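Read off the chains here:
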Amino acid sequence: MSGDVRPGRLKVYLGAAPGVGKTYRMLDEGRRRAARGADVVVGFAECHGRPRTEAMLDGLEVVPRARCDHRGGRYEEMDLAAVLARRPQVVIVDEFAHSNVPGGGRNAKRWQDIEVLLAAGVDVVTALNIQHLESLNDVVEKITGVPQHETVPDDVVRRATQIELVDMPPEGLRRRMAHGNVYPPEKVDAALANYFRTGNLTALRQLALLWTADRVDEALQTYRAEHSIGGVWETRERVVVALTGGPEGDTLIRRAARIAARSAGGELLAVHVARSDGLAAGVSHASLARQRRLAEDLGGSYHSIVGDHIAAALVDFARAENATQLVLGTSRRGRLERFLTGRGTGETVTALSGDIDVHRVTHERAGHGTLLPSRRRTLSRARLIAGPVAGLVLPVLLTVVLAQLRGTLNLTSEALLFLLTVVGVACIGGVASAVIASVTASLLLNYWFIPPIGAFTLEDPNALIALGVFAVVAATVAAVVDRSLRLSRRSARATAEAETMSSLAGSIVRGGATIPALLQRTRETFGMDSAELVDEPPDGGGATTVPAGPGAYLMLRGRTLSSSERRVLAAFAAHVGSAVERARLAEAAAEVEPVKAADRMRTALLRAVGHDLRTPLAAGWAAVTSLRSRDVEFSPEDHDELLATADESMAKLSRLVENLLDLSRLEAGVLTLHLRATTLEEVLPMALAETPEAEARDIEEIPAVLADPPLLERVVANLVGNAARHTPRGQKVLVTASALAGRVELRVVDRGPGLPADGRERLFEPFQRLGDTDNTTGLGLGLALARGLTEAMNGTLAPEDTPGGGLTMVVSLPFAEQAGTTRPEQSPHPVVRRA
């Protein structure tokens, strides 16, 4: 395919349940597109015998279906090759999650066929029910009690250009069913009483609405990012709660969770800012870890970001997540601290929030913080201006005060007060401001307090020395204070970086180390517009790129990062690189595992064949050779015995070969089934004929099951033969049956040594002979073949402990009258499960 082919666009009609009208809407769109001049064909449409839906096919070109033979049945599938050869503009393909009949095409799933069409540049319109989404498979089974065997990966559906929800109230859908517009009349009552109960339909409808809302939300976020929209669009309630690591965090999280729960689909996002200023020094990592677990237990998510200005970082994060509300705790600072340090984080966030609602939540720690003012460890513009001004003004104000107290204090006390002022200025504006304050204080001290007063001359040499020492000490103390603040800044920055890396490591340990999760966390942590993994760095500027392993680069777009942030980013890139490498290794291991399994199977087969097939061959060969010998004259009794030995050996060899062939057919999925109503009285006599130790009880009143009689006979014979090998001499193998909840359970009971729990699944592996009393006979295929044949007939085979000792094998099959209502194409394919 040439590289200039535009990929086709995919549109999905998503419904909450069968019968809401997806196929009708899909065909109606096809008619409308055809009326506008588009080349539209129907690749596959399943009308389920509904006249109104079938009428929508009038006027549309329908590509003939491909016919496939499978297990004695004939099925119809979409002819992918014919659609590709026709090459229309738009193709309508129903049943997105459908599993193709084995051997009918090159893909196992219809969604894979659709991806082929999209890659060829053909637009596709398809339909899907919410229960077929992979991520909701277990949820739907819990709601309806019906397992879904056909699913589509969520990522495949999310890549659709357009997803349209086909919605219908539960009562409306039930009325439609009651009128016969969905199922035939004979199936309506059963459907309304089971899958289509009002509660089920309501839950499925909510799942469909929420999943579609998430998809719409993703599209909205992409649109906002592409158009640089920073304002909040209140499309969904998103509550951001700010955590400091303090004890009040639990209260804030619970309050925010209650706010988010007031509206359907509300989201809770807990965020902690790892900072480089002094306010980050009192963080309790143990409290943060506990609060993270609490937020996740309440259905929220936890985020850690880096920012020097906590208020701005919080508001930026809230805007990036399109949050509608922001929850903070009231300040832990006391009145004196608030008076000395001015406006706090809560007031600043409120001022910056704009159209985001801010909640200030009171708590028991409010107003109980430290009394000392917390100083910023980075010099803001205000402090850069205030420092020099204070260096000039504060010494002057002190001089005015001391002049009023002249005669009360001596020169030493006055010099110490000036020195204290210089230290205070150093704390405000750094060493440069302290030098200004030191020079100003020296001049004022000389002029106003050292004789001769009122002049810049000194009569006493000791006064000159004292003034010089004062200036040196003032400058030295200011430098020491400034250096201490710088070291404190570096220490706090290192603490913030370590905290960020600790949060990342915790995410990896908790299982969130997938590549998309790491990229999302990187984007959030550094407050960037986007983060992605590329094969090579871009040529143009505007992006920050760091290596993330061989042939991989982590590229971030947004603001310019500082050198310290780049160091942290390099660590993030290393984690992303490790995740990439792990993904590659996992993919390679997944490719190797089938080869290893096949090799183990081949080794086991050769080892088993080397002994078990040779034994009957040798016995039969010896008997036939003896009979052909002209050197020995056999009596009639010996002659008959040799013939019986040869016959028995050939029969045993035939059974072994049949087991091998049947197991290989099961593995390939080509075993032919002829399912029909079968009674146990029809099967058990032949199955027990070769095992005199077995007897059947209580099977007369058991309903017929849907099974293939010869295959069910093989299953029972294998189970009975296996049980006989484990049953002590003189005891019987018991075969009983019971009926419950639409299924028949056939039990084969032995009184042998039993089997430990850890050997239950290995019991069904081919070439296993666990605990055999006679480990010299049999390939170990009996139980593996029995399970495979049972599952091919839509049944199950499971081991249970026999009360009083031993093992019971339980075969469960559906009633014939219930299973007979299942469409052949909906029957699961045979599977041989492995331990």
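Residues numbered from 1 in each chain as written. Predicted model: local features only at pLDDT ≥ 70, side-chain atom pairs only at ≥ 80, totals over all residues. Heavy atoms only, no water.

Participant: Could you clarify how one ought to interpret the overall build of the chain in this entry?
Facilitator: On a plain count of helices and strands, the chain comes out with 24 helices and 23 strands. Across the 835 residues of the chain, 43% fall into the buried class. Restricting to contacts in the chain with at least 6 residues of sequence separation, those with at least 24 account for 71%. Working note: accessible area of the chain is about 42,300 Å², and carbon and sulfur atoms make up 56% of it. (Helix = DSSP H or I, 4+ residues; strand = E, 2+ residues; numbered from the N terminus. Buried < 20%, exposed > 50% of the residue type's maximum accessible area, 1.4 Å probe, protein only. Contact = heavy atoms within 4.5 Å. Areas by Shrake-Rupley, 256 points an atom, 1.4 Å probe, with all protein chains shown as cover.)

Participant: When you look at the sheet that holds strand S14 (residues 530–534) in this model, what are you seeing that I'm missing?
Facilitator: Backbone-to-backbone hydrogen bonds pair the strands of a sheet. The strands run either parallel or antiparallel. With antiparallel pairing, the three strands of this open sheet are ordered in space as S14-S16-S15. For this open sheet the edge positions go to S14 and strand S15 (543–547), each flanked by a neighbour on one side alone. Averaged over neighbouring strand pairs, the angle between their axes works out to 20 degrees when direction is ignored. Across the sheet, helix H18 (residues 515–526) is in contact with S14 and strand S16 (553–557); its angle to S14 comes to roughly 140 degrees. (Pairing = 2+ DSSP bridges. Axes fitted to C-alpha atoms, helices over the stretch in contact; angles between N-to-C directions.)

Participant: Whenever I open this one, the nonpolar core confuses me. Can you help?
Facilitator: The nonpolar side chains of a soluble globular protein tend to be buried, and buried together. Counting residues in hydrophobic clusters, the biggest one holds 59 residues, and the most contacted among them are Phe96, Leu117, Leu128, Ile130 and Phe196. Ile130 has contacts with Leu14, Gly15, Ala16, Leu136, Leu204, Leu207, Ala208 and Trp211, leaving out every residue within four places of it along the chain. By size, the runner-up hydrophobic cluster in this structure holds 38 residues, among which are Leu684, Leu712, Val744 and Ala792. (Core = buried A, V, L, I, M, F, W, Y, C linked by side-chain atoms within 4.5 Å.)

Participant: How should helix H14 (residues 345–352) be read in this particular structure?
Facilitator: Every α-helix carries 3.6 residues per turn, so stepping three or four residues along brings you back to the same face. The set of residues buried in H14 consists of Gly346, Thr348 and Val349. With its buried residues spanning 165 degrees around the axis, H14 presents them on a single face. One or two residues past the end of H14 sits Gly354, with phi positive at roughly 65 degrees. (Arc of directions from axis to C-beta.)

Participant: Sorry if this is basic, but what is going on with the pattern of salt bridges here?
Facilitator: A side chain with one charge can pair with a side chain of the opposite charge if their charged atoms come near. Enumeration over the complete set of coordinates arrives at 25 salt bridges. Linking Glu29 and Lys11 is a salt bridge whose minimum nitrogen-to-oxygen distance equals 2.7 Å. Remark: Lys11 occurs in strand S1 (residues 10–15) and Glu29 occurs in helix H1 (residues 22–35); sequence separation between them is 18 residues. Taken individually, Glu29 and Lys11 each receive the classification buried, so the pair is uniform in this respect. Across the pair Glu695 and Arg697 runs a salt bridge, and its minimum N-O distance is 2.9 Å. When salt bridges that share partners are traced, they join Lys11, Arg25, Glu29, Arg33 and Glu164 into one network. (Salt bridge = Lys/Arg side-chain N within 4 Å of Asp/Glu carboxyl O.)

Participant: Is there a simple way to think about the environment of Glu115 in this case?
Facilitator: As for its position among the elements, Glu115 is in helix H4 (residues 110–119). With a relative accessible area of 29%, Glu115 lands in the partly exposed category. Placed 41 residues apart in sequence, Glu115 and Val156 show a C-alpha to C-alpha distance of 8.9 Å. Residues contacting Glu115, with those up to four places away along its chain left out, are Val156 and Arg159. Polar side-chain contacts of Glu115 include one of 2.5 Å to the side chain of Arg159. (Polar contact = N/O pair within 3.5 Å; in protein donor to acceptor, adjacent residues only side chain to side chain.)

Participant: Could you clarify how one ought to interpret the side chain of Thr736 in this entry?
Facilitator: By the element assignment, Thr736 lies in strand S20 (residues 733–740). When near neighbours in sequence (up to four residues on either side) are disregarded, Thr736 contacts Arg697, Glu745, Leu746 and Arg747.

Participant: How should I be thinking about a negative patch on the surface in this particular structure?
Facilitator: A cluster of acidic residues, Glu637, Asp638, Asp640 and Glu641, forms a negative patch at the surface. Structurally, Asp638 can be placed in helix H20 (residues 636–668). Asp638 sits in the partly exposed class, given a relative accessible area of 36%. (Patch = residues over 30% accessible without salt bridge, like charges linked within 9 Å, V, L, I, M, F, W, Y side chains within 5 Å. Lys, Arg positive; Asp, Glu negative; His and termini not counted. Charge placed at Lys NZ, Arg CZ, Asp CG, Glu CD.)

Participant: What is the right way to read the sheet that holds strand S10 (residues 267–274) from this model?
Facilitator: The strand order S11-S10-S9-S12-S13 describes an open sheet built from five strands, whose pairing is parallel. The sheet terminates laterally at strand S11 (301–306) and strand S13 (357–361), the two strands that pair on one side only. Between one strand and the next, the sheet's axes are offset by a mean angle of 25 degrees, whatever the strand orientation. The pairing of strand S9 (residues 238–243) with strand S12 (residues 325–329) spans three bridges and is classified as parallel. Bridging across to S12, Val240 finds its partner in Leu326.

Participant: Please clarify how unusual backbone geometry should be interpreted in this entry.
Facilitator: In most cases, non-glycine residues show a negative phi, while peptide bonds are predominantly trans. Even without glycine at this site, His48 takes up a positive phi of about 55 degrees. Inspection of the secondary structure assignment puts His48 in the loop between strand S2 (40–44) and helix H2 (51–55). Take His48: its relative accessible area is 38%, and that puts it in the partly exposed class. One non-glycine residue, Asn794, adopts positive backbone phi at about 65 degrees. Topologically, Asn794 is positioned in the loop between helix H23 (782–792) and strand S22 (796–801). Note on Asn794: relative accessible area 24%, which makes it partly exposed.

Participant: For this particular structure, what's the right way to read the packing of helix H12 (residues 310–320) against H14?
Facilitator: Contact geometry of H12 with H14 gives a least axis separation of 9 Å together with a crossing angle of 40 degrees. Overall, the two elements H12 and H14 adopt an arrangement that is oblique. Here H12 and H14 pass one another in a crossing that is right-handed. On the side of H12, the interface is formed by Ile310, Ala311, Ala312, Leu314, Val315 and Arg319, while H14 contributes Thr345, Thr348, Val349 and Leu352. (Parallel < 35°, antiparallel > 145°, perpendicular 65-115°, else oblique. Left-handed = near helix turned anticlockwise from the far one by under 90°.)

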